[in-house]
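Chain by chain, the residues run as shown.
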Amino acid sequence: MEILKTYKLYIGGQFPRTESGRSYLVSSLAGEPLANACLASRKDIRNAVQVARKAHGAWAAKTALNRSQIIYRIAEMLEARKGQFIDELSEAGFGMEEANAEILSCIDRCVYYAGWADKFQALISSVNPVASSHFNFSTPEPMGVVGVLACQNTPLIGFISQILPIIIGGNTVVVLANSKMPLSAISFCEVLATSDVPGGVVNVLTGSIDELLPTLASHMDVNALSLATVSNMPKVFEAQELAIENLKRTQLLVHDFKNQDAQGMEFITDFQEIKTTWHPIEQIAGGAGAY
Amino acid sequence: MSTANWDLDPSMESTAIVQLQPKYDLFIGGCWQKPKSGKYFATYNPADESVLSEIAYGNQDDVNLAVEAARKAYNEVWSKMSGAERGKYLFRIARIMQEKSRELAVLETLDGGKPIRESRDIDIPLACNHFFYYAGWADKLAEAFPGQKPTALGVAGQITPWNFPLLMLAWKIAPALACGNTVVLKPAETTSLTALKFAEICEQAQLPAGVVNIVTGHGDTGAALVANQDLDKIAFTGSTAVGKLIHKACIGTSKKLTLELGGKSANIILEDAPIDQAVEGIINAIFFNQGHVCCAGSRLFVQESIASKVIEKLKFRLQSIYVGNPLDKNTDIGAVNSKKQLETIEKYIALGLEEGAEIFQPTCNLPSKGYYCKPTLFTDVAQSARIAQEEIFGPVLTIQTFRTLEEVVQKANNSPYGLAAGVWTVNGARIFGLSQQLKAGVVWANTYNKFDPTSPFGGYKESGFGREGGRHGLSAYLQFKN
Amino acid sequence: MNHPSISTELSSLLLSSPSIDQIGALERIARIQSRSIKGAAKLQGLRMALSMIDLTTLEGKDTTGKVRQMCYKAQHLHDQADGLPTVAAVCVYPSFVAEAKKALGTSGIKVASVSTAFPSGQASFEIKRLDTQFAIDNGADEIDMVISRGRFLSGDYQFVYDEIAAIKAICGPVRLKVIFETGELDTLDQVRRVSDLAIGAGADFIKTSTGKIQPAATFPVVLTMLGAIKDHFDKTGQMVGMKPAGGISSSKLALQHLLMVKEVLGEAWLTNEYYRFGASSLANDLLMQYQKQLTGRYQSATYFSID
């Protein structure tokens, strides 16, 4: 007799059940039942944001090199377990070729963003030649906790394409997974849990977008939103409106994440603040000292 | 020889250089057009409550006409022009502004109440430099964003505040035009005159008609601008409350948005600070422009070990702050911009007393006419006091003490705002450590309230989003096709 | 290099010296310089500046004749104008103190003498002691000593402190001005440190320069020294005087310096009891500006005596 997997939430590096004790049936593309997923609640969001906030400081304080290696480690773990993911996708009704392509893209994307971790700063920072005796420079900083409405069209590549550029820049995320196809995302969390990604950096909830998105969008301790477009655009507009209360930076993503061009530095920098620092420059010998 | 009082004589800037018309129309499509409503409103000199001129009250129809003119100019002229040619117009505007700098400075002071020393030495030069700076970007946008194929957005609606009227106009119009956009600008109702002068400068520069349109009016004029369906961009500087309304109005549209909003910035003095320069920094942080500065260092945090010394020095320093007629070259604090704003400030001062904080104001005689407020210190302020949390937008400083760095970082960040912060210490490592921890878009270390066209400005959290100034300021007015 | 250990008294003085941010200091100065001094305030300021001058000649070629003529000028700045004050003092080498004293008679104008192997200070203490004693014995009202800059720069603060204290002991009631020669010091931090040190050791006045080294009395240096005087006053209630010397040759600069005194220290310092300009050519520029204020005509140097 086959042992069936229980799919739970991923919060703070743990796999808890929803505090609500609810679940919903997830079916394959062909309509066959696959598993029960957690039907997360508003309280699960509250818990997830809390741990994401707590995890943010230490994650942002890690060196960029360290974050790079951790994301690269995800690629290694995914590579090692790609068979499992391909199987999972094919059970969910995707053709082998499609499933294979999706997972390979996911691995590529991990490698791609791992490489960005310690480079985008150099490209968007600046030393600004102000017209006074001050050293003035602008550098990026993570925004904090980012709420993510994952792509609802793809099981995994959208999810990965959204969260990696956000976390590589030092943010932590609370993600609402693809509602209809949440299983791969939860399985991916098993990769995260074994890839040195600290608990709380990525938190994933499954359930009803209609129920959860307003709570996430209105949460006053969430700094930004990444919203993949969904069929239900009014729901997205509602989220945008709720996000205004604490001026969350909100990005709407309309990309087809399977495309090679659904990646880039701007996916990282969209979730960075620019901080400009000034400091006086002492004038030595009237500036005529050298040479 | 015994000591005597040595008081400076008044040294009044002449207003003869300012040529004002009794009435100003709207600047739309390169022409001066009467408002559809037929209505005008008075603009006052807050220093003596006299009427300076009458200004057109634009409504939705006027706004729509202006946007149409801007769209036409964009389609037919501005989007077809090379970056280099656009740049030349901006350079030309910068030069004419420099040539008219004295008139602009005096007018800014007349209309807004700020000291002539500031409009002459800070506002107007910075505004000119902003045009000069962005002029040079116009033909280098591809280099600014390699591989991203930057192009203009189209028509931008821009709404500016009353605290730095011409400077904020420059922050809005210069990058917009450099990036190839055309604009409709709505200046603040109490300070429209330099924007109208700027329209005259555009005429003199022979800027193609419709590239810059100035629609004056009140809040509903701004709302009409935001509501226009044919804009590609809204840029707003002003209060957080209005910023949120604008944000809401933009949802579901293709309008790109930048907001530069309020603040309650922390100015942090550590015990090893260069103390006399820090005291001067505190003064500049809160009393610059009567405290009508979104990034004003309005929350002072002093390490407890030096708190009494710093406060004593501050009180002494306030004795040589001159409050009075803004046209006097020796005035440090001029007139509060409007009666309404003075009432707001006075309400907060009363609230501070109610909240049990200790007040200090220097003895000084305020003019009998006009809107004036003494520089005000509140000591013994708790983090939970409203005067320490809410933006007052006036010359009112709250002073809190702290013991540890961790404590001050927490208190500084304990605010919905995140525009700026000041850090004073001679320990370089500590500056970088604190700067990294402070959630603010601008950190002034051992200085405060410095601005430069090359330096990006903008906030975290409820202080808004997007940056103005520098290369970063370009992206607010560009789209990318990568 | 080993130095004698620093006394508790001195080390607490040095510890209390704050750092100076040069750019911040320059901004403070720019703000003072942007003030407009006009009308009656300008006239008053010019008169005040004249009354604060230490009219100075410190040259190898000084003679009794030169000193006598300068002393006459000190008492008769511009007899063509009414109501002018005299200068505060004349400042000469010790060998001319007696002559100056005689020439000034009962005018009330003080005789200041440089001492302690002026201007370099590179001599044994015994020589500095005798130098000072000689000036005092000849009737000097004020002693302008130089500090040992080499010792200061090498970190031997105790030596510098003790030397000032020893000269002060010789001076007794004679007013002691301590010259730092800030043009030979490096940072404003050092200017502040030496100010605190000298005030602690008993200086009645602190003075920027000998006039032999450039730069001399720059605004940042003077501002820094005023800051030390203010902090000492806030702590002890004692007023120490300030004397910028060298480089202040125009009325505009002098008035800006006075305004700086007013804003940084307060009006109590606006008297020659607590403020002096060490200058030789400043007086005539002040006189020319004074005449200009009175007559509305721009003046010519030809009409002002050059002693």
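Everything numeric here is computed off the predicted structure, so don't read it as measured data. (Residues numbered from 1 in each chain as written. Chains lettered and ligands numbered in written order. Predicted model: local features only at pLDDT ≥ 70, side-chain atom pairs only at ≥ 80, totals over all residues. Heavy atoms only, no water.)

## Concerning the overall build of chain A
- Secondary structure assignment for chain A yields 10 helices and 10 strands.
- Taking 291 residues into account, the globule formula puts the C-alpha radius of gyration at 19 Å, and chain A, at 21 Å, falls close to it.
- Per-residue burial over chain A gives 56% buried out of 291 residues.
- On chain A, roughly 12000 Å² of surface is accessible, and the fraction owed to carbon and sulfur atoms is 54%.
- Of note, chain A has its 22 positive side-chain charges centred 7 Å away from the centre of its 29 negative side-chain charges. (Helix = DSSP H or I, 4+ residues; strand = E, 2+ residues; numbered from the N terminus. Rg over C-alpha atoms; globule rule 2.2 N^0.38 Å. Buried < 20%, exposed > 50% of the residue type's maximum accessible area, 1.4 Å probe, protein only. Areas by Shrake-Rupley, 256 points an atom, 1.4 Å probe, with all protein chains shown as cover. Lys, Arg positive; Asp, Glu negative; His and termini not counted. Charge placed at Lys NZ, Arg CZ, Asp CG, Glu CD.)

## Notes on the packing of helix α3 (residues 101-112) of chain B against helix α7 (residues 193-204) of chain B
All names here are of chain B.
- Axis separation between α3 and α7 bottoms out at 9 Å; the angle between their running directions is 155°. The angle between α3 and α7 places the two elements in the roughly antiparallel class. Residues Glu-103, Leu-104, Leu-107, Glu-108 and Asp-111 of α3 lie in contact with α7, whose contacting residues are Leu-193, Thr-194, Lys-197 and Ile-201.
- Of the residues contributing to the contact of α3 with α7, the split by class is four nonpolar, one polar and four charged. (Axes fitted to C-alpha atoms, helices over the stretch in contact; angles between N-to-C directions. Parallel < 35°, antiparallel > 145°, perpendicular 65-115°, else oblique. Contact = heavy atoms within 4.5 Å. Nonpolar A, V, L, I, M, F, W, Y, C, P; charged D, E, K, R; others polar.)

## Focus on the interface of chain C and chain A
- The partner chain A presents six residues to the six residues of chain C that form the contact.
- Approximately 470 Å² of surface area, both sides summed, lies buried where chain C meets chain A, with 54% of it carried by carbon and sulfur atoms.
- For the chain C face of the interface with chain A, the top three residues by lost area are Asp21(C), Gln22(C) and Ile23(C), together amounting to 74%.
- At the surface where chain C touches chain A, the tally comes to zero salt bridges.
- Applying the counting rule to chain C against chain A returns one residue pair in polar contact (both at pLDDT 80 or more).
- When the residues that make up the side of chain C that touches chain A are grouped by side-chain class, the tally is two nonpolar, two polar and two charged. (Buried area = accessible area lost by both parts, 1.4 Å probe. Salt bridge = Lys/Arg side-chain N within 4 Å of Asp/Glu carboxyl O. Polar contact = N/O pair within 3.5 Å; in protein donor to acceptor, adjacent residues only side chain to side chain.)

## Focus: the sheet that holds strand β9 (residues 249-253) of chain A
All names here are of chain A.
- If you walk across this open sheet you meet the five strands as β7-β6-β5-β8-β9, and the pairing is parallel. Both edges of this open sheet fall to β7 (202-205) and β9, since each of them pairs with a single strand only. Taking the axes of each pair of neighbouring strands and ignoring which way they run, one obtains an average angle of 15° across the sheet.
- By the bridge criterion, four bridges tie strand β5 (residues 145-149) to strand β8 (residues 224-228) in an arrangement that is parallel. The residue bridging Gly-147 from the neighbouring strand is Leu-225, located in β8. (Pairing = 2+ DSSP bridges.)

## Considerations on the pairing of strand β4 (residues 142-146) of chain C
All names here are of chain C.
- In terms of burial, β4 is largely enclosed, as five of its five residues are buried.
- Neither face of β4 is left uncovered, since the one carrying Glu-142, Asp-144 and Val-146 and the one carrying Ile-143 and Met-145 both have all their residues buried.
- Two elements, strand β3 (residues 110-115) and β4, share four bridges in a ladder whose sense is parallel. In the strand pairing of β4, Ala-112 is matched with Glu-142.
- Regarding topology, helix α6 (residues 125-137) serves as the crossover connection from β3 to the parallel β4, and that connection is right-handed.
- The sheet contact formed by β4 and strand β5 (residues 175-179) spans five bridges and is parallel. Paired with Glu-142 across the strands is Arg-175, a residue of β5. (Right-handed = clockwise from strand over helix to strand, strands pointing away.)

## Comments concerning the domain arrangement of chain B
Residue and element names in this part refer to chain B.
- What the domain assignment lists for chain B is domain 1 (23-261 + 463-480) and domain 2 (266-452).
- Using only C-alpha atoms to locate each centre, domain 1 and domain 2 end up separated by 30 Å.
- On the domain 2 side, the residues contacting the 28 residues of domain 1 number 31 residues.
- Of the roughly 2500 Å² buried between domain 1 and domain 2, counting both surfaces, carbon and sulfur atoms make up 58%.
- The largest share of the area that domain 1 buries against domain 2 comes from Glu-49, Trp-162 and Ser-463, three residues that together contribute 21% of it.
- For the interface between domain 1 and domain 2, the tally reads one salt bridge. (Domains from an automatic or database assignment.)

## Remarks on the side chain of Ser187(A)
- Looking at the element boundaries, Ser187(A) is found in helix α7 (residues 183-193).
- With near-sequence residues (within four places) excluded, Ser187(A) lies in contact with Lys5(A), Tyr7(A), Gln84(A), Phe85(A) and Glu88(A).

## Quick look at the sheet that holds strand β7 (residues 241-243) of chain C
Residue and element names in this part refer to chain C.
- Across the sheet, eight strands lie side by side as β7-β6-β5-β4-β3-β2-β1-β8; this open sheet has parallel pairing. Two strands close off the open sheet at either side, each with one partner strand: β7 and β8 (277-279). Averaged over all adjacent pairs, the angle separating strand axes in this sheet is 25°, with direction ignored.
- Pairing geometry for strand β2 (residues 89-92) and β3, over four bridges, is parallel. Across the sheet, residue Val-90 finds its bridge partner in β3, namely Val-111.

## A word on helix α4 (residues 96-116) of chain A
Residues and elements named next belong to chain A.
- For α4, which comprises 21 residues, the first-to-last C-alpha distance of 30 Å matches the rise-based estimate of 30 Å (1.5 Å per residue) to within 8%.
- Buried within α4 we find Ala-99, Glu-102, Ile-103, Cys-106, Ile-107, Arg-109, Cys-110, Tyr-113, Ala-114 and Trp-116.
- Contacts made by the buried residues of α4 are with α2 (64-80), α3 (82-91), α5 (120-124), α6 (157-168) and α10 (265-269). (Expected span 1.5 Å × (residues − 1).)

## Structural notes on the packing of aromatic side chains
- Per the stated rule, a full pass over the model turns up 28 aromatic pairs over all chains.
- By way of ring pairs, the aromatic residues Phe164(B), Trp171(B), Phe288(B), Trp444(B), Tyr448(B), Phe451(B) and Phe457(B) are connected into one cluster.
- For the cation-ring pair, Lys233(B) lies above Tyr477(B), with the distance from its terminal atom to the ring centre recorded as 4.8 Å.
- Against the face of Phe159(C) rests Arg151(C), its NZ or CZ located 3.9 Å from the ring centre. (Phe/Tyr/Trp six-rings, centres within 6.5 Å; stacked < 30°, edge-to-face > 60°. Lys NZ or Arg CZ within 6 Å of the ring centre and 35° of its normal.)

## Thoughts on the layout of surface pockets
Residues and elements named next belong to chain B.
- Computed from the structure, the second largest pocket encloses a volume of approximately 1400 Å³.
- For the second largest pocket, the lining is made up of 50 residues, of which Trp-162, Gly-238, Ser-239, Val-242 and Lys-340 are closest to its centre.
- The set of elements that each furnish at least two residues to the lining of the second largest pocket consists of β4 (40-45), α8 (219-227), β10 (233-237), α9 (240-250) and α12 (339-354).
- Tallying contributions element by element places α9 first for the lining of the second largest pocket, with six residues.
- Classifying every residue of the lining of the second largest pocket by side-chain character gives 24 nonpolar, 17 polar and nine charged. (1 Å grid on protein atoms, 1.4 Å probe; cavity = no way out; pocket = protein on both sides within 12 Å on 5 of 7 lines; lining within 4 Å. Points joined across faces, edges and corners; volume = space filled by probe spheres on them.)

## Things to note about the packing of helix α2 (residues 83-99) of chain B against helix α4 (residues 116-137) of chain B
Residues and elements named next belong to chain B.
- Relative to each other, α2 and α4 sit at 165°, their axes nearing to 8 Å. It follows from the interaxial angle that α2 and α4 lie roughly antiparallel. Note that α2 runs across α4; the crossing there is left-handed. Contacts between α2 and α4 involve Gly-87, Leu-90, Phe-91, Ile-93, Ala-94, Arg-95, Met-97 and Gln-98 on the former and, on the latter, Ala-127, Cys-128, Asn-129, Phe-131, Phe-132, Tyr-134, Ala-135 and Gly-136.
- For the contact of α2 with α4, the per-class residue count stands at 11 nonpolar, four polar and one charged. (Left-handed = near helix turned anticlockwise from the far one by under 90°.)

## Considering the nonpolar core
- With 111 residues, the main nonpolar core has Ile93(B), Met97(B), Phe131(B), Phe198(B), Val212(B) and Leu314(B) as its most contacted residues.
- Element by element, the count of residues in this core is highest for helix α6 (residues 165-178) of chain B, at 11 residues.
- When we break this core down by domain, the ones giving at least three residues each are domain 1 (23-261 + 463-480) and domain 2 (266-452) of chain B.
- Discounting residues that sit within four places of it in the chain, Met97(B) has contacts with Leu104(B), Ala127(B), Cys128(B), Phe131(B), Leu166(B), Phe198(B) and Ile201(B).
- Judged by nonpolar contacts, the second largest core, of 103 residues, contains Met48(C), Val67(C), Ile229(C) and Tyr275(C). (Core = buried A, V, L, I, M, F, W, Y, C linked by side-chain atoms within 4.5 Å.)

## Side note on the side chain of Ser192(B)
All names here are of chain B.
- Mapping Ser-192 onto the fold places it in the loop between β8 (182-186) and α7.
- The exposure class assigned to Ser-192 is buried, which follows from its relative accessible area of 0%.
- Looking at Ser-192, its side chain comes within polar contact range of the main-chain oxygen of Ala-188, at 3.0 Å.
- When residues no more than four places from it in sequence are discounted, the contact partners of Ser-192 are Ile-55, Asp-111, Pro-187 and Thr-216.

## Quick look at the environment of Ile251(B)
- With respect to the secondary-structure elements, Ile251(B) resides in the loop between α9 and β11 (256-260).
- Contacts of Ile251(B), omitting those with residues within four sequence positions, involve Phe237(A), Gln240(A), Glu241(A) and Ile244(A).

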